Amino acid sequence: MANEADQAKADKVKGKAEPTRKTEAEAKADKAAARAAKSELQVHVVTRNVLHDGDLVSAGEDIAVTRAQHAQLFAVGAVEGPWLD
C-alpha cells in the first residue's frame, strides 16, 4: 500500500501521472458552453450592402451576427472591427 502511494507521488513528480478523466457532468457542461459560444451574438456595423439572414442590410447599419457569420463578413471587409471576446 505504501509502495503504491510512493510510486504515485514519484510518477506525478516525473510527469507520468495518469490523465484525469472528466466526469459526465463536466463533459456536459463543456458541451453546453461550446454550444452557447456558437450562438453568441454581437452587433457590428456593416461597411457595404449585404444580404443577411434573407434581409438586405445597407452600409452603415448595425447587424447582430454570430462568430461564424462575423468571420465570413470580416473576411470580405463587410463589417467593421474584429470579434470582441
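Up top is the structure these notes are about.
Residues numbered from 1 in each chain as written. Predicted model: local features only at pLDDT ≥ 70, side-chain atom pairs only at ≥ 80, totals over all residues. Heavy atoms only, no water.

**Student:** Help me out: how do you make sense of the environment of Val57 in this one?
**Tutor:** Within the fold, Val57 resides in strand 3 (residues 55-57). Look past the residues within four positions of Val57 in its chain and what remains in contact with it is Val46, Arg48, Asn49, Val50, His52 and Ile63. (Helix = DSSP H or I, 4+ residues; strand = E, 2+ residues; numbered from the N terminus. Contact = heavy atoms within 4.5 Å.)

**Student:** Which parts of the structure should I look at to understand the environment of Ile63?
**Tutor:** Tracing the backbone shows Ile63 in strand 4 (residues 62-65). Ile63 sits 21 residues away from Gln42 along the chain, and the two C-alpha atoms are 8.1 Å apart. In this view, Ile63 contacts Gln42, Val43, His44, Val46, His52, Val57 and Leu73; residues no more than four positions away in its chain are not counted.

**Student:** Just to check I follow, could you spell out the pattern of salt bridges for this structure?
**Tutor:** Side chains that carry opposite charge are capable of pairing whenever their charged atoms lie near each other. Going through the model one piece at a time under the given rule, you end up with 2 salt bridges. Where Glu24 meets Lys28, a salt bridge forms, and the shortest distance between an N and an O atom there is 3.5 Å. Residue Glu24 and its partner Lys28 are located together in helix 2 (residues 24-39), separated by 4 residues, close to a single helical turn. Across the salt bridge formed by Arg67 and Asp85, the nearest N and O atoms sit 2.9 Å from each other. In this pair, Arg67 is assigned in helix 3 (residues 67-75) and Asp85 in the segment after helix 3, connecting sequence segments 18 residues apart. Residue classification places Arg67 among the partly exposed positions, given a relative accessible area of 40%. With relative accessibility at 85%, the residue Asp85 sits in the exposed group. (Salt bridge = Lys/Arg side-chain N within 4 Å of Asp/Glu carboxyl O. Buried < 20%, exposed > 50% of the residue type's maximum accessible area, 1.4 Å probe, protein only.)

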